[in-house]
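Examination of the molecular architecture
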Amino acid sequence: MTTIDVRTASPYQVHIAPGALDRLPELVGDATRTAIIHPAVLADQAHHIAQQVPAPLLVEVPAAEDAKTAATLVHCWDELARAGFTRNDLVVGLGGGATTDVAGFVAATWLRGIAFISVPTTVLGMVDAAVGGKTGINIPAGKNLVGAFHEPRAVLCDLDVLTSLPEADIRSGLGEVIKCGFIADPRILELVAQDPADSLNPASVRFAELVRRAVVVKADTVSADLKETTSVGTRVGREALNYGHTLGHAIEKQHGFEWRHGEAISVGMVFAAELSARTLGLGEAVVEQQRAALASVGLPTTYTGDWAPLRAAMSLDKKARGNTLRFVGISEVGSVAMIDAPEETLLTDCFATLNPTA
Ligand code: GLY
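Residues numbered from 1 in each chain as written. Predicted model: local features only at pLDDT ≥ 70, side-chain atom pairs only at ≥ 80, totals over all residues. Heavy atoms only, no water.

1. Here we look at the overall build of the chain
Across its full length, the chain carries 14 helices and eleven strands. The C-alpha radius of gyration computed for the chain amounts to 20 Å, which stays within 12% of the reference 21 Å derived for 358 residues, consistent with globular compactness. With respect to the principal axes defined by its C-alpha atoms, the chain has extents near 60 × 40 × 35 Å. The contacts of the chain with a sequence gap of at least 6 include a subset with a gap of at least 24, amounting to 69%. Carbon and sulfur atoms form 52% of the exposed surface of the chain, whose accessible area is close to 14,300 Å². Counting 29 positive and 41 negative side-chain charges, the chain places the averaged centre of each group 6 Å from the other. (Helix = DSSP H or I, 4+ residues; strand = E, 2+ residues; numbered from the N terminus. Rg over C-alpha atoms; globule rule 2.2 N^0.38 Å. Contact = heavy atoms within 4.5 Å. Areas by Shrake-Rupley, 256 points an atom, 1.4 Å probe, with all protein chains shown as cover. Lys, Arg positive; Asp, Glu negative; His and termini not counted. Charge placed at Lys NZ, Arg CZ, Asp CG, Glu CD.)

2. Topic: the pairing of strand β5 (residues 90-95)
The buried fraction of β5 is high, at six of six residues. A two-sided burial pattern is seen for β5, the buried positions comprising L90, V92 and L94 on one face and V91, G93 and G95 on the other. As paired strands, strand β3 (residues 34-39) and β5 are joined by four bridges and run parallel to one another. In the strand pairing of β5, I36 is matched with V92. Crossover handedness for the path β5 to helix α4 (residues 97-109) to strand β6 (residues 115-120): right-handed. (Buried < 20%, exposed > 50% of the residue type's maximum accessible area, 1.4 Å probe, protein only. Pairing = 2+ DSSP bridges. Right-handed = clockwise from strand over helix to strand, strands pointing away.)

3. A short note on the packing of helix α6 (residues 167-183) against helix α7 (residues 186-194)
With their axes 6 Å apart at the nearest point, α6 and α7 run at an angle of 130° to one another. Regarding the angle of α6 to α7, the classification is oblique. Along this stretch, α6 crosses α7, giving a crossing that reads as left-handed. Residues L174, V177, I178, C180, G181 and F182 of α6 pack against P186, I188, L189 and V192 of α7. (Axes fitted to C-alpha atoms, helices over the stretch in contact; angles between N-to-C directions. Parallel < 35°, antiparallel > 145°, perpendicular 65-115°, else oblique. Left-handed = near helix turned anticlockwise from the far one by under 90°.)

4. Here we look at the site of the ligand
Surrounding the ligand, one finds D128, K134, K218, E228, R238 and L241. K134 is positioned such that a nitrogen or oxygen atom in its side chain is 2.9 Å from an oxygen atom of the ligand. One of the side-chain N or O atoms of K218 is found 2.5 Å from an oxygen atom in the ligand. In isolation the ligand offers 200 Å² of accessible surface; the protein chains occlude 87% of this area. Partitioned by chemical class, the residues of the shell around the ligand number one nonpolar, no polar and five charged. (Near = heavy atom within 4 Å. Polar contact = N/O pair within 3.5 Å; in protein donor to acceptor, adjacent residues only side chain to side chain. Nonpolar A, V, L, I, M, F, W, Y, C, P; charged D, E, K, R; others polar.)

In structure tokens form, the structure reads like this:
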């Protein structure tokens, strides 16, 4: 079992291993009741967990992003009320990042905050959503516009649950893992380059090491800046995790969220690398290394759609400050810097490099 410490004001541990879920009973502590919030597809797993915790309450929520609504919250609150949940009780979020986001927000808001254990069942959920305390829902005006920082009591990344995941989902998670390589941990890039196919195999030792390293990057980053407040010039805090996300989020929005997150940020990272080459002196070799790393696990590095709608979406993104656009860039592998208000012509130049047919 690999255990990683997240050293925020409310410290907790992330346990990563095949069978990590076996630790759940000891983590429940003195809770009297346990709500297990899960999508229908994980009902069997939720029933299995229910046998290991006190007074289980199974609460089913819609699949994936459809769970992140105010209606889901009301449903969960009603269920907790009916079962008489008190401050001493616990919420377990079992599912992908969307499920753990909404389950965490239920825990954050019930009686102004009760204990939460996150059990992510996707690679993205493990390396991103489950660590760092961001919980919340979407509203028609935008994703994640309503939420709270509510850190879990523990995160259980059971690698056994990934073996039934479609390869496209593993690949999408690898997008975030490779991102962690470029912003902070070059060893991730070596591991992927040595054997891309093995990097996509959730049963491999290499895969477990990649997840561990990505969680360490996330844990260290949020430990230093939980609430994303410290970025000034080259001293970049939690915002570093948004490398590739400014354009990536715009692509997700433009395509009605049909692109997987990892695919969209893959293209976004290539764009951010091109912009970094023009503004931060990032070497061409690293830009190409990034294209190669992403392509080696089957992630997209090109984009043939229009610029105008993406540009408009980026202005509305929460990473924009006031009227200016901000991008996370790198000056070399592991060195992050913010790129504030880049020239429009630079942006269109970088965008043109994404289109192989132009
Ligand atoms: N997903 C970016 C963050 O947690 O800050």
